[in-house]
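Descriptive analysis of the structure
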Amino acid sequence: MKYMKAEIAGNNILVITIDSPGADVNVITKAMMEEVSSSIGIAEKDGTVRGIVIMSGKKDNFIAGADLEEFLSAEKEEDILKYITGGHAILKRIKALKIPVITAINGSCMGGGFELSLFTTYRMASNSPSTFMGLPEVLAGLFPAGGGTQLLPGLIGLTEALPILLTGKRVRPKEALRIGLIDEVVPAQGLREAAIKRADLIALNGIPKKRPGKIKRPLIIRALESTSIGRKIILKKALAGVMKKTAGLYPAPLEVLKSVSYGYRHGMEKGLAKDGKTLARLVTGAVSKSLISIFFSMNRHKKNPFRDKPAKIEKLAILGAGLMGTGIASISLPVCGTILLKDSSMDRAAAGMKQIWDGLMKQVKSGSISRFEAAAGYGRVVPCHDYSGFKNTGLVIEAVFEDLNLKKKVLRDMESNTGRDTIFASNTSAIPIASIAEGCKHPENVIGMHYFSPVPGMPLLEIIRTSRTSNRAASAAVEFGLRQGKTCIIVKDGPGFYTTRVISSFLMEAGILMGEGVPVPLIDRAMVLSGFPMGPAALMDEIGIDVALHVSRVMEPLFSKREIIAPPFQGFIEKGFLGRKSGMGFYRYDLPKKKGSRIINNSIHEIIGKMDNDKIKPEDIQKRLTLRMAGEAILCLEEGIISSPDDGDIGAVMGVGFPPLLGGPFRYADSIGAAALADEMNKLRDLHGNRFQPQNILLAMAGKNGRFHRA
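Some points on the layout of surface pockets
Of the pockets and cavities examined, the second largest pocket occupies roughly 660 Å³. K289, S290, S293, R667 and A711 are, among the 21 residues lining the second largest pocket, the residues nearest its centre. For the lining of the second largest pocket, the secondary-structure elements that each account for two or more residues are helix 13 (286-300) and helix 28 (665-672). Examining the composition of the lining of the second largest pocket, we find that 7 residues originate from one element, helix 13, more than from any other. Of the residues belonging to the lining of the second largest pocket, the class tally is 11 nonpolar, 4 polar and 6 charged. Of the residues that make up the lining of the second largest pocket, three or more belong to each of domain 1 (4-293) and domain 3 (500-703).

Structure, rendered in structure tokens:
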């Protein structure tokens, strides 16, 4: 067999070891499932086999899920349905076996791999920090049609199952054991032997009634889940949560709830049949296609595009021990031997060290790292207030205040205390890197590494090259970002680079709407209902209105050429309305929410003016803000700031909140059509000014019915 090895071990226990050749992880393919079928056939035909163990031959992976490329190659719904029902047939055969089947999980166990485990008798997982389970299908606009919605609620209860089914949540062994998702946790080194022994014991004595570590769920929850009325209440509450979070724009979570309800009423067999049809329909939908395009784009961005791989960065220095600096340090712990954390005083550096330690303890609590790994990582960070230890540092990342003169000063200081090959990276979000590098000794070593806040949670890293940045520095920055687990895009230098230009166009247009008297809540609600994670006013409150104003001033030389004027928000600063951090911005954070919504800060009317233009249609607000973002992205491509529509889409979605359901500004443009988009922008230009002027590249594409993406 090509994908697995089947052997008899112990007291007639069949051990099936899945190990896809030439791959780091196992993914489910039609050929693999045919071999699983053949292996199960051994047990069905050979009456001497007393039990089965299914495990992986990979180091840190059980099964990562289905091979999406193969799955999507079936273009028609009937072909997709045939693919799914073939998998169902094999899984049902596993469940029907009269002998125990043990799943031995080490590493990532996701999607179809996790669903495979649900059809087995007993699930055993290693205590490795790399072990986790989950159903991420909804994140790609898909649906766990391999039994997840049918079996998981019955296994762990409806209230525990829904977060896993609806959010793609990853569950680590400690929590999985607590909720009954797995039956046992064992050391990774002895997983195979423990699984064989457990199969033998179950064959002799049956499944153990007591599962050490499993917590008995509250009686009221169990009682509620045991009745159809109770389940309706739980599902109704879950539906309200989904609608609040997604505005009903994403069909997959809604289908999950329908499937769970259907399964309770009609049973697994009919539920699986219906699930197959649901998935076949979802796959061909626009939202799923957009989300899948993002998934494939993320995979493409996992490779360093530079031919020559740089030397590994063993020693890192970070200038600034604030939120960004400590965040960068935290994600660098697994990839560096030494991290210098420098600030202006040891007290500030020590405060940063505490933030790093607190973050490590959260990871220990979640089970993502061990206490030993936390202590070892923390020990690699050295707090300091001068440059005395900077010799032989490979990379220095500055995360100081957004001030050009300060950034130029720390670059000069760094060059005076390091070698000629040390790379200097600025974490600025808007200041041109060439301006920071002006007058330095080695401009070829200067680059931008724009991280997003919070650093551990935001997946994008925007790497900015000047005309003088060397390939060595650029390659090293990309490689380091990839090792940190980031998705990297490389962009050309200029005010705001790519992501800040795109989000600034969004925020400035919102400011113009406010100046036209459109109420803040109306603008924010319109954008949330179109798929944005939050409205522009709420976003400015989060990042800080003072920060947003600073960025708009950096962008002014670029935007003023197109008659884009920064909104009149200076009055906010004068009154101390800085956003959430000061308690008041566009909204009041010093007061509790009212009916789930923040209360508007009525004092802003003294600054902006009367805001009573509530006759504007939400779709007009959505069109203006979305087309400003899309237009700016297209202009960045035309100017060479980004090198491809793929980079533009992944940067906008993962960096600044462009709705994933639209696939990014270039996928969005393709969905409308170049000619139709140019026509819409011309109409807006005539109404609102030259900032909506269609880009030359768009007009050329409209003339030949072109697309930004091939498909």
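Some points on the nonpolar core
Within the largest apolar cluster, 90 residues are counted, with the highest numbers of intra-cluster contacts made by Y498, M514 and F586. Per-element tally for this core: the top contributor is helix 26 (residues 618-639), with 9 residues.

Regarding the sheet that holds strand 10 (residues 315-319)
Read from one edge of the open sheet, 8 strands run 12-11-10-13-14-15-16-17, paired in mixed fashion. With partners counted over all chains shown, the strands left at the sheet margins are strand 12 (381-384) and strand 17 (487-492), one partner each. Averaged over all neighbouring strand pairs, the angle between strand axes comes to 25°, with direction disregarded. Here strand 16 (residues 460-465) runs beside strand 17; their pairing, made up of 6 bridges, is parallel.

Here's the deal with the packing of aromatic side chains
In this description, a pair of aromatic rings is defined by centroid distance and the angle of the planes. Evaluated as defined, the whole model comprises 12 aromatic pairs. With a centroid separation of 6.1 Å and 70° between ring planes, the pair formed by F532 and F658 is classed as edge-to-face. Taken together, the residues F532 in the loop between helix 21 (520-529) and helix 22 (536-543) and F658 in the loop between helix 27 (645-656) and helix 28 connect sequence positions 126 residues apart. F658 matches F532 in its accessibility class, with the two residues each being buried. Seen in terms of ring centroids, F569 and F572 are 5.3 Å apart; in terms of plane orientation they differ by 70°. Their pairing is edge-to-face. Here F569 and F572 have matching classes, each one buried. Members of the aromatic cluster, each reached through a chain of ring pairs, are F506, F532, F658 and Y668. Between R231 and the ring centre of Y264, over which it is positioned, the NZ or CZ distance is 4.4 Å. The ring of Y262 has K274 sitting right over it, with the charged end atom 5.3 Å from the ring centre.

Some thoughts on the pattern of salt bridges
Tallied over the entire structure, the rule returns 36 salt bridges. Of the charged contacts in the structure, one is a salt bridge between R192 and E7, with a shortest N-O distance of 3.1 Å. Here the residue R192 occupies a position in helix 8 (residues 191-205), and E7 occupies one in strand 1 (residues 4-9), the gap between them amounting to 185 residues. Look at E7 and you get partly exposed, because its relative accessible area is 27%. Between K683 and D679 there is a salt bridge, with the nearest N and O atoms lying 3.5 Å from each other. Separated by 4 residues within a single helix, K683 and D679 lie in helix 29 (residues 674-688), roughly one turn from each other. Note on D679: relative accessible area 38%, which makes it partly exposed. In this structure, a network of salt bridges that share partners links the residues R501, E509, E516, R624, R628, E632, E639 and R691.

Side note on empty space enclosed by the protein
Applying the stated rule across the entire model yields 2 cavities of 30 Å³ or more. One number sums up the size of the largest cavity: a volume of about 40 Å³. Together, S293, I294, S297, D646, D649, I650, G663, R667 and H709 line the largest cavity. For the lining of the largest cavity, the secondary-structure elements that each account for two or more residues are helix 13 and helix 27. Counted by class, the lining of the largest cavity contains 2 nonpolar, 4 polar and 3 charged residues. Of the volumes computed, that of the second largest cavity is approximately 30 Å³. Together, I16, I18, V36, I54 and L116 line the second largest cavity. A class-by-class count of the residues in the lining of the second largest cavity yields 5 nonpolar, no polar and no charged.

Focus on the packing of helix 20 (residues 499-515) against helix 26
Relative to each other, helix 20 and helix 26 sit at 145°, their axes nearing to 9 Å. Here helix 20 runs over helix 26; the crossing is right-handed. Of the residues in helix 26, those in contact with R501, V502, I503, S505, F506, E509, A510, I512 and L513 of helix 20 are I621, R624, L625, R628, M629, E632, A633, L635, C636 and E639. In terms of residue class, the contact of helix 20 with helix 26 is built from 12 nonpolar, 1 polar and 6 charged.

Some details on helix 13
Taking 1.5 Å per residue, 15 residues should reach 21 Å; helix 13 reaches 21 Å between its end C-alpha atoms and fits that length. All buried positions along helix 13 are accounted for by V287, S288, S290, L291, I292, S293, I294, F296 and S297. Contacts made by the buried residues of helix 13 are with helix 2 (68-72), helix 11 (251-266), helix 12 (268-283), helix 27 and helix 28.

Remarks on the pairing of strand 15 (residues 446-451)
In terms of burial, strand 15 is a largely internal element, 6 of the 6 residues being buried. With burial as the criterion, each face of strand 15 is covered, one bearing V446, G448 and H450 and the other bearing I447, M449 and Y451. Note: strand 14 (residues 423-426) against strand 15, 3 bridges, orientation parallel. When the sheet's bridge partners are listed, S426 is paired in strand 15 with G448. Pairing between strand 15 and strand 16: 4 bridges, direction antiparallel. Bridge pairing in strand 16 places H450 opposite E462.

A short note on the domain arrangement of the protein
Interfaces are frequently sized by the accessible area removed from exposure as the parts join. By domain assignment, the protein separates into domain 1 (4-293), domain 2 (315-494) and domain 3 (500-703). Distance between the C-alpha centres of domain 2 and domain 3: 30 Å. Taking both sides of the interface into account, the surface hidden between domain 2 and domain 3 amounts to around 1200 Å²; carbon and sulfur atoms contribute 66%. Area buried by domain 2 at its contact with domain 3 is led by A430, I489 and K492, which between them contribute 35% of it. Across the domain 2-domain 3 interface, the total number found is 0 salt bridges. Per-element tally for the side of domain 2 that touches domain 3: the top contributor is strand 17, with 5 residues. Across the side of domain 2 that touches domain 3, the residue classes tally to 10 nonpolar, 3 polar and 3 charged.

Calculation notes
- Residues numbered from 1 in each chain as written.
- Predicted model: local features only at pLDDT ≥ 70, side-chain atom pairs only at ≥ 80, totals over all residues.
- Heavy atoms only, no water.
- 1 Å grid on protein atoms, 1.4 Å probe; cavity = no way out; pocket = protein on both sides within 12 Å on 5 of 7 lines; lining within 4 Å.
- Points joined across faces, edges and corners; volume = space filled by probe spheres on them.
- Helix = DSSP H or I, 4+ residues; strand = E, 2+ residues; numbered from the N terminus.
- Nonpolar A, V, L, I, M, F, W, Y, C, P; charged D, E, K, R; others polar.
- Domains from an automatic or database assignment.
- Core = buried A, V, L, I, M, F, W, Y, C linked by side-chain atoms within 4.5 Å.
- Buried < 20%, exposed > 50% of the residue type's maximum accessible area, 1.4 Å probe, protein only.
- Pairing = 2+ DSSP bridges.
- Axes fitted to C-alpha atoms, helices over the stretch in contact; angles between N-to-C directions.
- Phe/Tyr/Trp six-rings, centres within 6.5 Å; stacked < 30°, edge-to-face > 60°.
- Lys NZ or Arg CZ within 6 Å of the ring centre and 35° of its normal.
- Salt bridge = Lys/Arg side-chain N within 4 Å of Asp/Glu carboxyl O.
- Left-handed = near helix turned anticlockwise from the far one by under 90°.
- Contact = heavy atoms within 4.5 Å.
- Expected span 1.5 Å × (residues − 1).
- Buried area = accessible area lost by both parts, 1.4 Å probe.

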